[in-house]
Amino acid sequence: MITPKEKVPSLQLPLINDTHWNLSEQRSDTFTMVVFYRGLHCPICKKQLEALAGKLEEFSQRGVHLVAVSCDTEERAKKAGKEWNIAELPVGYEMSIEKAKEWGLFISEGISDKEPEQFSEPGLFLIRPNGTLYASTVQTMPFARPKWDDILSAIDYVEENDYPARGGAVAYAL
């Protein structure tokens, strides 16, 4: 589990537009937002990423850099890029299961021919320009994703009020 104010793991991936994305090269004014999604097989992911693509300008106006990432193969990721309405969205692929675990994502086994053998469940990470975690949400299932307008409102509040990262004091029950 990555806690707020800790450095997040490295992340470098190819993108469906035949370029590469590297977290350490992001120079955002506020946050870099990494959206982990399940993959081509997930209709909820399609809906979520299409909605995100429709909000790119609003995130950009707030100085937020973003990327959507899955464990999908190049073929599956590029198929999503063609079939989904996400042309302007940076989409990374071929994240390893080991890297997904490093980020604290839950891993699922495929239960149908449409699903890969293994893939990560959704997660969303807001990362400060210094590479530390500000906030995250990690899910065990595809349902009940954060709404983009809620994330935009939260970013506005955080920036307007210099609101600190919270939740770094973790206590585990035995």
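Because the structure is a prediction, the values reported are computed rather than measured. (Residues numbered from 1 in each chain as written. Predicted model: local features only at pLDDT ≥ 70, side-chain atom pairs only at ≥ 80, totals over all residues. Heavy atoms only, no water.)

**Q** Explain the overall build of the chain here, please?
**A** A tally of regular secondary structure across the chain gives five helices and nine strands. Taking 16 Å as the expected radius of gyration for a compact globule of 174 residues, we find that the chain reaches 16 Å, a close match to that expectation. Overall, the chain is about 45 × 45 × 30 Å in size when its C-alpha atoms are taken along their principal axes. When burial is assessed residue by residue, the chain has 47% of its 174 residues classed as buried. By sequence separation, contacts in the chain at least 24 residues apart represent 67% of the contacts at least 6 residues apart. (Helix = DSSP H or I, 4+ residues; strand = E, 2+ residues; numbered from the N terminus. Rg over C-alpha atoms; globule rule 2.2 N^0.38 Å. Buried < 20%, exposed > 50% of the residue type's maximum accessible area, 1.4 Å probe, protein only. Contact = heavy atoms within 4.5 Å.)

**Q** I keep staring at the pairing of strand β4 (residues 65-69) and nothing clicks. Help me out?
**A** Put simply, side chains in a regular strand alternate between the two faces of the sheet. Extensive coverage of β4 is indicated by the burial of four of its five residues. Relative to β4, strand β3 (residues 32-36) runs parallel, the two being bridged by five bridges. Within β4, the position partnered with T32 by the bridge is H65. (Pairing = 2+ DSSP bridges.)

**Q** Help me understand the side chain of R145, please; the structure alone is not making it clear to me.
**A** Looking at where R145 falls in the secondary structure, it is placed in the loop between β9 (133-138) and α5 (148-161). Nearest to the buried, unbridged R145 among oppositely charged side chains is E121, at 6.1 Å. A distance of 2.5 Å separates polar atoms of two side chains, one belonging to R145 and the other to Q48. When residues no more than four places from it in sequence are discounted, the contact partners of R145 are R38, C42, I44, C45, Q48, P122 and Q139. (Lys, Arg positive; Asp, Glu negative; His and termini not counted. Salt bridge = Lys/Arg side-chain N within 4 Å of Asp/Glu carboxyl O. Polar contact = N/O pair within 3.5 Å; in protein donor to acceptor, adjacent residues only side chain to side chain.)

**Q** I keep staring at the environment of T140 and nothing clicks. Help me out?
**A** Inspection of the secondary structure puts T140 in the loop between β9 and α5. Sequence-distant contacts of T140, that is, excluding residues within four places in its chain, are made with F106 and E121.

**Q** Looking at this model, I keep getting lost on the sheet that holds strand β8 (residues 123-127). Mind explaining?
**A** Two strands in a sheet stick together by hydrogen bonds in their backbones, pointing the same way (parallel) or opposite ways (antiparallel). The strand order across the open sheet built from five strands is β5-β4-β3-β8-β9, with neighbouring strands paired in mixed fashion. Whereas interior strands pair on both sides, the edge strands pair on one side only; in this sheet they are β5 (91-92) and β9. By the bridge criterion, five bridges tie β3 to β8 in an arrangement that is antiparallel. Within the sheet, the bridge partner assigned to M33 lies in β8 and is L126. Seen against the sheet, helix α1 (residues 43-53) touches β3 and β4 and runs at an angle of roughly 160° to β3. (Axes fitted to C-alpha atoms, helices over the stretch in contact; angles between N-to-C directions.)

**Q** How should the pattern of salt bridges be read in this particular structure?
**A** It is possible for side chains bearing opposite charge to pair when their charged atoms get close. Inspection of the entire model under this criterion finds 11 salt bridges. With a closest N to O distance of 2.5 Å, D18 and K78 form a salt bridge. Of this pair, D18 sits in the loop between β1 (12-14) and β2 (20-22) while K78 sits in helix α3 (residues 74-83), and the two are 60 residues apart along the sequence. Two residues, E159 and R128, come together in a salt bridge whose shortest N-O distance is 2.9 Å. One end of the pair, E159, is in helix α5; the other, R128, is in the loop between β8 and β9, and 31 residues separate them in sequence. Residue R128 is classed as partly exposed on the basis of its relative accessible area of 21%. By sharing partners, the salt bridges in this structure join D18, E74 and K78 into a single network.

**Q** It is not clear to me how the nonpolar core should be interpreted in this structure. Could you clarify?
**A** Soluble globular proteins tend to pack their nonpolar side chains together in the buried interior. Counting 31 residues, the largest nonpolar core has M33, L49, L52, F59, W84, L89 and W148 as the members making the most contacts within it. Of all the secondary-structure elements, those providing two or more residues to this core are β3, α1, α2 (56-61), β4, α3, β8 and α5. A per-element tally of this core places α5 first, with five residues. For W148, the residues in contact, after removing those within four places along its chain, are M33, V35, Q48, A51, L52, K55, F59 and L124. (Core = buried A, V, L, I, M, F, W, Y, C linked by side-chain atoms within 4.5 Å.)

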